[in-house]
Amino acid sequence: MYMDQTKTQDIGTSCCRSPMSEDQDCHTIAETSTRIPKLTSSVHDIAAEKPPFGSRFLTDQSDVWTQNAWDHVPPPEDQTEAIFASLARQRVAPVPGSDREKYNAKPAKYWDNFYKANAGNFFRDRKWLHLEFPELLTAAQSDAGDVTICEIGCGAGNTAFPLLSANKNPKLMIRAFDYSSHAVKLVQANSLYQDPPVGSIQAAVWDLSCENSLPPGVAPESVDIVVLVFVLSALHPDEWEKAVRNIHRMLKPGGVVLLRDYGRYDLTQLRFKSGRLLEDNFYIRGDKTRVYFFELDELALIFTGTRPTSAQKTCNTVQIAEESRDDSYNGSLTLFAHSESRDDQISRDLPPLPGVEIHPTLLRPHVPHPPSPPFSIEQLGVDRRLLVNRRRQLKMYRVWVQGKFRKSPID
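Enquirer: Can you walk me through the overall build of the chain in this structure?
Expert: A tally of regular secondary structure across the chain gives 11 helices and 11 strands. Within the chain, the proportion of its 411 residues that are buried is 56%. A fraction of 79% describes how many contacts in the chain between residues 6 or more apart in sequence connect residues 24 or more apart.

Written out as structure tokens, the structure reads:
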């Protein structure tokens, strides 16, 4: 369950994600032999004195097809029109009410069907994790001591097994959970699971969205790191609060959540056709799995109860382009590349656009969750990436959100 829906690229030492293709609708995006290795996190302080290694600056738009990678690309002029057109088309024919109830009633069933159909062959291992989340690399060092990492929404193990393969810490425990029983069976059948080289791993079925629930074998305040990669987007918005409460309960004081998920107006959101819209920014895919597209303010509200302050918001543009083949895409949708950062807490302050709103469930009064806020923000940012198909002269804009949220050291 809760898996990013794509075959992804391993960009040199980086990245199924510094994500190049992170959803099932774009799974035909393929890796190329001319990629530029990604050597830094996709979400970085762009106000820093020195730009990341390998930056390329596009000063003349006529040069866009001469390279396969560009940084700091100015936003396209037709963003608003493209978004208006896509959202208007989707809202004309949303998912019928009776079908919405069906899709929301037993979501794990559709993920089971997905993994039965695709086994472990659909996704590539996330070799980008050490760049985006160096905390994982630190935990895997030989002298790191007792560390428990809990991956929620483990799918077929595309996060857990790269961590286990790179691990040098004999005291590292990786716990992998998913509400798809078939996904968990795939993890348990892996040779690395049955005979881990260093450290240990356990996998079990568990539903993050259950009220006041902890995974099997996990005691309260026993986990150092929770990994949430394309997980919250698979939940109904009414389930977010329960999920975060469960995460808060399992984490040690000072423990951290490492999150990556879909951003608002990602290419895949704009490409959804009629009959896929469950509610604003929440969709059903062709395989009946669900996906939500987040604003950064929504993530801040989910984990801290408040929006990021204006002091945390600055306006700068960041975009990276990489060549890709995507024969499933025949359009020319473009997206505004806008990412902001300040003191490693990055947020966004976009001009008014259609459909840019906070989900109503986050604006309702909630039962107080001591301590307040339950988490502090260590990183909150947008990764915007331009996929370039030079052969077909196509530009495809992807948007992901990324955050690090730390539980208060004194609970």
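Enquirer: Please clarify how helix α11 (residues 296–304) should be interpreted in this entry.
Expert: In an α-helix, one turn spans 3.6 residues; hence positions three or four apart end up facing the same way. Taking burial as the measure, the nine residues of α11 include nine buried ones, the bulk of the element. The complete set of buried residues in α11 reads Leu 296, Asp 297, Glu 298, Leu 299, Ala 300, Leu 301, Ile 302, Phe 303 and Thr 304. The inward-facing, buried residues of α11 abut β4 (223–229), α9 (240–250), β5 (251–262), β8 (290–292), β10 (375–389) and β11 (394–407). The first or second residue beyond α11 is Gly 305, which carries a positive phi of 85°.

Enquirer: Help me understand the nonpolar core, please; the structure alone is not making it clear to me.
Expert: Core analysis: the biggest nonpolar cluster contains 45 residues, and Ile 152, Val 226, Leu 228, Leu 232, Leu 299 and Phe 303 have the highest contact counts within it. Of all the elements in the fold, those that place two or more residues in this core are β1 (147–152), β4, α9, β5, β7 (282–284), α11, β10 and β11. Among the nonpolar cores identified, the runner-up in size contains 37 residues, and Ile 83, Phe 133, Leu 136 and Ile 201 belong to it.

Enquirer: Sorry, what's going on with the environment of Arg 91 here?
Expert: Tracing the chain through its elements places Arg 91 in helix α1 (residues 79–92). Assessed through its relative accessible area of 38%, Arg 91 is described here as partly exposed. When the C-alpha atoms of Arg 91 and Leu 278 are compared, they prove to be 9.5 Å apart, with 187 residues separating the residues in sequence.

Enquirer: What exactly am I supposed to notice about the side chain of Arg 175 here?
Expert: By the element assignment, Arg 175 lies in strand β2 (residues 172–178). Polar contacts involving the side chain of Arg 175 include one to the main-chain carbonyl oxygen of Gly 217, which spans 3.4 Å. The contact partners of Arg 175, leaving out residues within four places of it in the chain, are Thr 148, Ile 149, Cys 150, Glu 151, Gln 202, Pro 216, Gly 217 and Val 218.

Enquirer: Could you clarify how one ought to interpret the sheet that holds β7 in this entry?
Expert: The strands that make up a sheet are held in pairs by hydrogen bonds between backbone atoms, and each pair lies either parallel or antiparallel. The three strands lie next to each other as β6-β7-β8, forming an open sheet whose pairing is antiparallel. Looking at strand neighbours, the two that pair on one side only are β6 (277–279) and β8, the edges of this open sheet. Along the sheet, successive strands turn relative to each other by an average axial angle of 30°, direction set aside. Bridge count between β7 and β8: three bridges; the pairing is antiparallel. Note on β8: the bridge partner recorded for Ile 284 is Arg 290.

Enquirer: Sorry if this is basic, but what is going on with the side chain of Asp 112 here?
Expert: By the secondary structure assignment, Asp 112 is in helix α3 (residues 107–118). At a separation of 2.7 Å, a polar atom in the side chain of Asp 112 contacts the side chain of Ser 180.

Enquirer: Any chance you could explain the pairing of β4 here in plain terms?
Expert: Regular strands show a simple pattern: their side chains alternate between the two faces of the sheet. With seven of its seven residues buried, β4 lies for the most part within the structure. Sheet topology note: the β1/β4 ladder contains four bridges and is parallel. Paired with Cys 150 across the bridge in β4 is Val 226. Pairing of β4 with β5 involves six bridges; the strand directions are parallel. Across the sheet, the residue bridging to Ile 225 is Val 256, located in β5. As for the winding sense of the linkage, the β-α-β connection from β4 through α9 to β5 is right-handed.

Enquirer: Can you help me understand the packing of α3 against helix α7 (residues 181–189) in this one?
Expert: How two helices sit against one another is set out by the angle between their axes and by the gap between those axes. Where α3 contacts α7, the axes come no closer than 7 Å and their chain directions differ by 40°. Relative to α7, α3 is oriented oblique. Residues Asp 112, Tyr 115 and Lys 116 of α3 form the contact with α7, whose participating residues are Ser 181, His 182, Ala 183 and Leu 186. Within the contact of α3 with α7, the residues separate by chemical class into three nonpolar, two polar and two charged.

Calculation rules
- Residues numbered from 1 in each chain as written.
- Predicted model: local features only at pLDDT ≥ 70, side-chain atom pairs only at ≥ 80, totals over all residues.
- Heavy atoms only, no water.
- Helix = DSSP H or I, 4+ residues; strand = E, 2+ residues; numbered from the N terminus.
- Buried < 20%, exposed > 50% of the residue type's maximum accessible area, 1.4 Å probe, protein only.
- Contact = heavy atoms within 4.5 Å.
- Core = buried A, V, L, I, M, F, W, Y, C linked by side-chain atoms within 4.5 Å.
- Polar contact = N/O pair within 3.5 Å; in protein donor to acceptor, adjacent residues only side chain to side chain.
- Pairing = 2+ DSSP bridges.
- Axes fitted to C-alpha atoms, helices over the stretch in contact; angles between N-to-C directions.
- Right-handed = clockwise from strand over helix to strand, strands pointing away.
- Parallel < 35°, antiparallel > 145°, perpendicular 65-115°, else oblique.
- Nonpolar A, V, L, I, M, F, W, Y, C, P; charged D, E, K, R; others polar.

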